[in-house]
Amino acid sequence: MFFFSCFAGRSGVVNPPLDLGCDLLSKKSFFHTLNYVGGELSTNHIDIIFYYLRKKRQLLNITKSNFSTTDTIFSQVLHAEYHSFLTSGLAEIKVCAGNTILEYYLGKGCRYGKTLVDDLLFPVIVLDPNHWILARVNFEECKVYVYNSMRDETMDATVASYMKCFSDYLPKYLKKFDFYSMRNSQASFALCSSFDSRYNPFTVVNVADLPIQSNSDCGAFVCLFAEYFIDSKPIPPTFSGHKMELYRNWLTQDLVKYGRWKIEKGYSSNAEGTVKLRRELRKKKT
């Protein structure tokens, strides 16, 4: 078990707080939940970890060509907009000023340069029951890859229904912005006879032979799957409880080290708008 000097004392407050890009962390409970096997990760955990995965590769000059990630809000909004589109009965989607997905597209929600990447990784929370999965959209193959650590007939049906916002709605949205004509990719021409046909529904692929969770570690598995893809490593078919404990320990330690390094060096991260967007969404619900 790892112990950190910033956790010393009985207070539940991290002092000084750690700035991890999309939030200022001052509660020890955040790290305790992340550190222990079976701790259920929140949207805040996933957002911060995915931000860190992107940032770490930039700072260490570790590159995997043409990939990036979004935060958890993107998939939630995309899913909500898809269902609004279905109930509207419209043949085509309408995108107005102030649309949240448009904000992302313009780079205000998450700095990933959508027209430049081949693979975009989405952390997705599927409700009833709450369960994290990883979705990866490959724009060249026009496919959505699903990484799921809890497979059964009921869950597969739930995930398949949820993925329609990626497979059916996202191509319609991309067509609004003439997405493929802006990519300037030779592969786009080679794989398809016309740009228009690339806006047909994407194919959903359930990635096989993945490790299955034995505790409430779906959020940690989503982070693990993302790291294996980013590092171009094959995902092992099994992942023991002991290995998950070590992975969560390492992830917690890495975040703390990164936060403390930023304080010592006076390093300031680029704001990605995650907290602002979350607050705006909450206002819309009230």
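Counting of residues starts from 1 at the beginning of each chain's written sequence and follows it residue by residue. A pLDDT threshold of at least 70 governs which residues receive local features in this predicted model, and a stricter bar of 80 or more applies before side-chain atom pairs are shown or counted, although totals over entire chains, interfaces and linings include all residues. Processing note: side-chain calculations cover all non-hydrogen atoms of the structure and skip hydrogens and water entirely.

Before going further, it helps to spend a moment on the environment of Phe229. Here Phe229 shows up in helix α9 (residues 218-230). A C-alpha to C-alpha distance of 9.6 Å links Phe229 and Arg136, two positions 93 residues apart in sequence. Secondary structure follows DSSP: runs of H or I at least 4 residues long count as helices, runs of E at least 2 residues long count as strands, and numbering of each begins at the N terminus.

Right, let's talk about the packing of aromatic side chains for a bit. Pairing of aromatic side chains requires ring centres within 6.5 Å, counting the rings of Phe and Tyr and the six-membered ring of Trp. Pairs whose planes differ by under 30 degrees are stacked, by over 60 edge-to-face, and all others tilted. One pass over the full model with this rule turns up 13 aromatic pairs. Considering the side-chain rings of Phe74 and Phe122, the 5.2 Å spacing of their centres and the 40° angle between planes classify their relative orientation as tilted. Separated by 48 residues along the polypeptide, Phe74 in helix α3 (residues 72-88) and Phe122 in strand β4 (residues 119-126) bring together distant segments of the chain. Look at Phe74 and you get buried, because its relative accessible area is 0%. Partly exposed residues are those whose accessible area sits between 20% and 50% of the maximum for their type, while under 20% is buried and over 50% is exposed, using a 1.4 Å probe and protein chains only. Residue Phe122 is classed as buried on the basis of its relative accessible area of 1%. Judged by centre distance (5.3 Å) and plane angle (40°), the ring pair of Trp261 and Tyr267 falls under tilted.

Let us now look at helix α10 (residues 241-265). An α-helical turn contains 3.6 residues, so any two residues separated by three or four positions project in the same direction. With 25 residues, α10 should reach 36 Å at 1.5 Å per residue; the first-to-last C-alpha distance of 36 Å fits that figure. Following α10 by one or two positions, Gly266 adopts a phi angle in the positive range, close to 65°. For a helix, the expected span equals 1.5 Å multiplied by the number of residues minus one.

Glancing now at the pattern of salt bridges. For this analysis, a salt bridge means a side-chain nitrogen from Lys or Arg found within 4 Å of a carboxyl oxygen belonging to Asp or Glu. Counted by the stated rule, this structure contains seven salt bridges. The closest approach of N and O atoms between Asp119 and Arg136, which form a salt bridge, is 2.6 Å. In this pair, Asp119 sits in strand β4 while Arg136 sits in strand β5 (residues 131-138), placing the two residues 17 residues apart along the sequence. We classify Asp119 as buried; its relative accessible area is 8%. By relative accessible area, which is 10% here, Arg136 ends up buried. Put simply, Arg198 and Glu140 hold a salt bridge, and the shortest N to O gap is 3.8 Å.

In this section: the environment of Gln213. Note that Gln213 resides in the loop between β7 (203-206) and α9. The class for Gln213 is buried, based on a relative accessible area of 15%. In the structure, Gln213 is positioned 63 residues away from Met150 in sequence and 6.3 Å away in space, judged by C-alpha atoms. Residue contacts are counted whenever heavy atoms from the two residues lie within 4.5 Å of one another. Aside from chain neighbours lying at most four places away, what touches Gln213 is His131, Ser149, Met150, Cys218 and Phe221. Counting of polar contacts relies on pairs of N or O atoms within 3.5 Å, with two restrictions inside protein: one atom must be capable of donating a hydrogen and the other of accepting it, and residues adjacent in sequence are counted only when both atoms are side-chain atoms. Within polar-contact distance, the side chain of Gln213 engages the side chain of Ser149 at 2.6 Å. A distance of 2.9 Å separates a polar side-chain atom of Gln213 from the backbone oxygen of Asn215.

Between helix α1 (residues 28-35) and helix α2 (residues 43-59), whose axes approach to 11 Å, the crossing angle comes to 80°. In terms of orientation, α1 and α2 fall into the roughly perpendicular class. Together, Phe30, Thr33 and Leu34 of α1 and Asn44, His45, Ile48 and Ile49 of α2 make up the contact between the two elements. In the scheme used here, Gly and all other residues not listed as nonpolar or charged are polar, with Ala, Val, Leu, Ile, Met, Phe, Trp, Tyr, Cys and Pro taken as nonpolar and Asp, Glu, Lys and Arg as charged. Across the contact of α1 with α2, the residue classes tally to four nonpolar, three polar and no charged. Each axis is a line fitted through C-alpha atoms, and for a helix only the stretch in contact is used; angles between axes span 0 to 180 degrees, taken between their N-to-C directions. If an angle is under 35 degrees, it is roughly parallel; if it is over 145, roughly antiparallel; if it lies from 65 to 115, roughly perpendicular; otherwise it is oblique.

Orientation of α3 relative to helix α6 (residues 164-176), taken along the N-to-C sense of each, is 80°, at an axis distance of 10 Å. In terms of orientation, α3 and α6 fall into the roughly perpendicular class. Between α3 and α6, the contacting residues are Ser75, Leu78, His79, Glu81, Tyr82 and Phe85 on the first element and Lys164, Cys165, Phe166, Asp168, Tyr169, Leu170, Lys172 and Tyr173 on the second. For the contact of α3 with α6, the per-class residue count stands at eight nonpolar, two polar and four charged.

With that settled, the discussion passes to the sheet that holds β7. An order of β3-β4-β5-β6-β7 is seen for the five strands of this open sheet, with the pairing classed as mixed. Looking at strand neighbours, the two that pair on one side only are β3 (67-69) and β7, the edges of this open sheet. The average undirected angle you get between the axes of adjacent strands in this sheet is 25°. Pairing of strand β6 (residues 143-147) with β7 involves four bridges; the strand directions are parallel. In the sheet register, Tyr145 faces β7, and the bridge partner there is Val205. In short, DSSP must find at least two bridges between two strands for them to pair.

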